[in-house]
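Structure at a glance
The lines below spell out each chain.
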Amino acid sequence: MSDSTGGAESGGVTGTGQEAEADTEPPQQVPPLPANDTLDVGEAADEGGEPAAKRPRVDEEEQGLEQVAKPVEKDGETPAWADHLIEGTAQPAQRSDEQREEEGQREAPVSGKGEEECHQNGDGGHHATLEEGETKKEEEHNSPAESPSEGQHLDLDFTQNPQMLTGSWTEFSTIPENYLKGCKWAPDGSCILTNSADNVLRVYNLPPEIYSYNWDLLPEMSPVLRMAEGDTIYDYCWYPKMNSLDPDTCFLASTSRDNPVHLWDAFYGEVRASFRPYNHLDELTAAHSLCFSPDGTQLYCGFDKTVRVFYTDRPGRDCEERPTIVKKQGQSGIISCFGFSPCQSVYACGSYSRCAGLYSCQDGTLLALLPTRHHGGLTHLLFSPDGNYLYTGGRKDPEILCWDLREPGKVVFSLKRNVATNQRIYFDLDLSGRYLLSGDTEGVVSVWDTQTAPPDGNEEMLQPQLRFKAHWDCTNGISVHPFMPLLATSSGQRQFPWPGDSEGDSASDGEGGEAVMSPQEIRQDNTLSLWWAGPLSPAVEEGQEQSSAAGEA
């Protein structure tokens, strides 16, 4: 981890994890995708082409839908469960003016634009409050498309396919089927954390060439840290106050099978502390999910029908137990994912029982239990930046549902993606909450503009604004950089041999044996990729125009 990189903080952290052990849930059937859910991902790959991480991944043709100006919101309304909250609770930390100024200075050489007014949580792209002079300055220097009402804080540009910059693929090719299981940017944006099938957590520094647009000089990324767990890693998360300029804040948590929860030093790769959860038989038990509280003082761990809360300054076995079922009422199943509201003292729990619950941070009281609408157990959930909406996704479930928390139980709209396995498929929101991105089991990344949803919220399916082929295998992880127009994606999945691959198969010895082929070698793509999803600098655009003109000549 480099001390020279950013120091911005994130307002909150959503704890997510990796593929947990199978529970008692029966296998789920995948509902078919709609007939109009077509995909245009460019040219097909050549079997004899370069390695998958080096192949051209996108079609340059722009894809998009008509923008709808009316966002989904209900100003002035409060959630039905907000009255139960204890007043005077601490709110998630917000960035100071100095930190926002520092972010603007860091962002300026990347985007090549002047300073922009940063959108706060929940503005959803509306007009920000500016001084009169600043407003005139913005009107003079910005085109209508770049006005505060139209722009995004991250300068994300999804009118065209993102450009792949670099990645890491050699690191995961030394062990057979070493597929990735997700990636997460650090809260200060200085590095990326990955998890893979070899039970090793890897930290990659952000290449410094990205800041100067020297993309032709970008080498393949190599990890600066490797942290090996003893068994299958269930979940991992960054400390929300992580700042690479302060080594005391640089750590992360992970949980793995038959092991306590470990706190890793992100500078030296050593275990800094351990949290040991025990069950009612006084046996060590592993947490299935993790998440720090927004202020970083507590670590929430998910178990079967139970949440245990540890204090980060007090390692050991002491913890607070919060059952999710009281007097046979509540949320059943293994707690598989967490999320904290950015504006209320509320956290959400997803479980393999296919439902989500909202709880009070003070004592774990169940505030609301959302209806069971998913076809498979929940694997990931996210709050919107304004705290009014909750997005949930499940395994073997092609839907991401958007819930209106001001009317618990109401689904505003659904987003379709292809999820045909039990593997955890992540999705992510940008800082403004406008764009939601998700991969799928076919390697496609979809981008939805949530502001194009119908204002009446009649549960219509929201069409993606952009879809592009990111990997030839399952794109299971996606993470949006905290303040730059960068995306990180991870790919790979467990491959199962076809009948023709087994030894001594009579069909392979006969005339029809050659027809039974396994596509694993063609589709396997275990890669971490870095993408540029913002405007290009004039030098880069000019170089692309010259190269295209030379190709035509």
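The following paragraphs examine the structure supplied in this document. Note that the structure is predicted; figures quoted are calculated from it, not measured. The residue numbers shown here count from 1 along each chain, following its written sequence. Where local features are concerned, this predicted model is filtered to residues with pLDDT of at least 70; where side-chain atom pairs are given and counted, the filter is 80 or more; whole-chain, interface and lining totals use all residues. As a convention, hydrogens and water are excluded, and side-chain values are obtained from all of the structure's heavy atoms.

1. Observations regarding the environment of Phe427
With respect to the element layout, Phe427 can be found in strand 25 (residues 427-429). Placed 34 residues apart in sequence, Phe427 and Gly393 show a C-alpha to C-alpha distance of 8.3 Å. It only takes one pair of heavy atoms within 4.5 Å for two residues to be counted as in contact. In this view, Phe427 contacts His380, Leu381, Leu382, Tyr391, Thr392, Gly393, Ile400, Arg417, Leu436, Leu437, Ser438 and Ile478; residues no more than four positions away in its chain are not counted. Counting from the N terminus, the helices are DSSP H or I runs at least four residues long and the strands are E runs at least two residues long.

2. Focus on the side chain of Asp440
Secondary-structure assignment places Asp440 in the loop between strand 26 (435-438) and strand 27 (444-449). Buried charge Asp440 goes without a salt bridge, the closest partner of opposite sign being Arg467 at 4.1 Å. In terms of polar contacts, Asp440 uses its side chain to reach the backbone amide nitrogen of Glu442, at 3.0 Å. A distance of 2.8 Å separates a polar atom in the side chain of Asp440 from the backbone nitrogen of Val444. When sequence neighbours within four positions are dropped, the list of residues in contact with Asp440 reads Asn418, Ile425, Arg467, Cys474 and Thr475. Throughout, exposure labels follow a simple rule: accessible area from a 1.4 Å probe, protein chains only, divided by the maximum for the residue type, with under 20% read as buried, over 50% as exposed, and the rest as partly exposed. Within this scheme the basic residues Lys and Arg register as positive and the acidic residues Asp and Glu register as negative, but His and the chain ends are omitted. When a carboxyl oxygen of Asp or Glu is within 4 Å of a side-chain nitrogen of Lys or Arg, the pair counts as a salt bridge. Whenever a nitrogen or oxygen atom comes within 3.5 Å of another N or O atom, the pair is scored as a polar contact, on the condition that within protein one atom can donate a hydrogen and the other can accept it, and that pairs from neighbouring residues in sequence are kept only if both atoms are in side chains.

3. Some points on the nonpolar core
Within the largest apolar cluster, 21 residues are counted, with the highest numbers of intra-cluster contacts made by Ile210, Trp215, Leu486, Leu530 and Trp532. Those residues in contact with Leu486 that sit more than four places away from it in its chain are Leu165, Trp185, Leu206, Ile210, Ser479, Val480, His481, Trp531 and Trp532. One finds Cys191, Leu193, Leu225 and Tyr426 within the second-largest nonpolar core, a separate group that totals 17 residues. Put simply, a nonpolar core is a bunch of buried Ala, Val, Leu, Ile, Met, Phe, Trp, Tyr and Cys residues held in one set by side-chain atoms that sit within 4.5 Å of each other.

4. Some details on the pattern of salt bridges
By the definition in use, this model includes 13 salt bridges. Salt-bridge contacts for Glu171 lead to Arg202; the nearest nitrogen and oxygen are separated by 2.7 Å. One end of the pair, Glu171, is in the loop between strand 2 (163-168) and strand 3 (180-185); the other, Arg202, is in strand 5 (residues 200-205), and 31 residues separate them in sequence. Judged by relative accessible area, which is 16%, Glu171 ranks as buried. With a shortest N-O distance of 2.8 Å, Arg202 and Asp198 are connected by a salt bridge. Salt bridges linked by common partners bring Glu171, Asp198, Arg202 and Arg226 together as one network.

5. Observations concerning the sheet that holds strand 19 (residues 356-360)
Pairing between sheet strands relies on hydrogen bonds along the backbone, with the strands arranged either parallel or antiparallel. Whether two strands pair depends on DSSP finding at least two bridges between them. The 4 strands lie next to each other as 17-18-19-20, forming an open sheet whose pairing is antiparallel. Edge positions in the open sheet fall to strand 17 (335-340) and strand 20 (366-369), since each of these has one partner strand only. Neighbour-to-neighbour, the strand axes of this sheet turn through a mean angle of 25 degrees, independent of strand direction. Here an angle of 0 to 180 degrees is reported between the N-to-C directions of two axes, which are lines fitted to C-alpha atoms, with helices fitted over the stretch in contact.

These figures capture arrangement, not role.
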